[in-house]
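# Structure at a glance
The residues making up each chain are set out below.
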Amino acid sequence: SGVVEVEFGYIDYLLNPSINLRSGFVLMPVGIYNELHEPPTFYSTRRPEVEQKIIPSTWRGNGGGIYGSIGENWQYRLFLCESLNVYGTTANITSAGIRNGRQSGSAAYAEDFALSGRLDYEWSPGTVLGASFFNGGIDQSRLSGVQSSLLLWDVHGRIKKGPWELRALYANSSISNADQLNTFFGFTGSSSIASGQAGWYVEGAYDILSVLAPGSDDALFVHGRYEAFNTQA
């Protein structure tokens, strides 16, 4: 009548700063928040809708890969894991997006694998510009005569200057042979699985204690966020 889940768990083998190994139940290195997906790493009590509907945080998979830094400013990650699963007892990927296509560790189908990666450039602590991607089949050889794959990518940035911080992200995904998936599941019209999904957001925050209590070790942020997304873009 209940369930216990491991959110993520992996082993890192540190070789040198430029290349290290990671293996286990790893977090997909996609978006701003998936790898750091708990408060207080984001403002508000909820992650952006775009990083739930378009990028399905919290998102993890069985596998591993390499990660490291190039010089003083570049960081990268590249992982191979099982891909999403479009079909369970019913359709997992629907007009509402790809979120329910995530899998859960030991119960995962692994007929289709996916490659995910990330590259970030950090000018100064807290100021980062980067991009990430996820690409793999999603049918898991479970749909007779139908093969489909997902390509998801994003560009993202964070700028931190004194008491100010600005974050922004644009994400886009495409599903191949969406028409065949809709035929298989009997979806039509507004219930159809879309061949494309997209979304973006921008958010800013200001530490008002920098004015009210200069020199304080604490912070109190006033923040705002605007976002838009379409799971049937």
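Residues numbered from 1 in each chain as written. Predicted model: local features only at pLDDT ≥ 70, side-chain atom pairs only at ≥ 80, totals over all residues. Heavy atoms only, no water.

Each helix and strand counted, the protein has 3 helices and 10 strands in total. In sequence order, the secondary structure elements of the protein are arranged as β-β-α-β-β-β-β-β-β-α-β-α-β. Its C-alpha radius of gyration of 19 Å places the protein within 12% of the 17 Å reference for a compact globule of 233 residues. If you line up the protein on its principal axes, its C-alpha atoms span 65 × 45 × 40 Å. (Helix = DSSP H or I, 4+ residues; strand = E, 2+ residues; numbered from the N terminus. Rg over C-alpha atoms; globule rule 2.2 N^0.38 Å.)

This paragraph deals with the nonpolar core. Phe-134 and Ile-175 are the most contacted members of the largest nonpolar core, which has 32 residues in total. Those elements giving two or more residues to this core turn out to be strand S4 (74-82), strand S7 (149-161), strand S8 (164-175) and helix H2 (178-185). (Core = buried A, V, L, I, M, F, W, Y, C linked by side-chain atoms within 4.5 Å. Buried < 20%, exposed > 50% of the residue type's maximum accessible area, 1.4 Å probe, protein only.)

What follows covers unusual backbone geometry. Most peptide bonds adopt trans geometry, and most residues besides glycine take a negative phi value. For the bond running from Pro-39 to Pro-40, omega is 5°, close enough to zero to count as cis. Looking at where Pro-40 falls in the secondary structure, it is placed in the loop between strand S2 (19-27) and helix H1 (50-53). Residue Thr-58 follows Ser-57 across a cis peptide bond; omega there is -5°. Here Thr-58 is to be found in the loop between H1 and strand S3 (60-70). Positioned with a positive phi, Ser-141 is a non-glycine residue whose angle comes to about 55°. Here Ser-141 is to be found in the loop between strand S6 (127-137) and S7. Positive phi values are uncommon outside glycine, yet Asn-177 reaches one of about 55°. Here Asn-177 is to be found in the loop between S8 and H2. In this structure Asn-177 comes out as partly exposed when scored by relative accessible area, which is 33%.

Right, let's get into the environment of Ile-193. With respect to the secondary-structure elements, Ile-193 resides in the loop between H2 and strand S9 (196-207). Ile-193 sits in the buried class, given a relative accessible area of 3%. Taking the C-alpha atoms as reference, Ile-193 lies 30 Å from Leu-119; in sequence the two are 74 residues apart. Aside from chain neighbours lying at most four places away, what touches Ile-193 is Ile-93, Thr-94, Ser-95, Ile-175, Ala-178, Leu-181, Asn-182, Phe-185 and Phe-187. (Contact = heavy atoms within 4.5 Å.)

With that settled, the discussion passes to the side chain of Ser-57. Inspection of the secondary structure assignment puts Ser-57 in the loop between H1 and S3. Judged by relative accessible area, which is 0%, Ser-57 ranks as buried. Side-chain polar atoms of Ser-57 contact the side chain of Asn-34, separated by 3.4 Å. Dropping the residues within four chain positions of it, Ser-57 is found in contact with Asn-34, Arg-47, Glu-51, Gln-52, Arg-99 and Arg-102. (Polar contact = N/O pair within 3.5 Å; in protein donor to acceptor, adjacent residues only side chain to side chain.)

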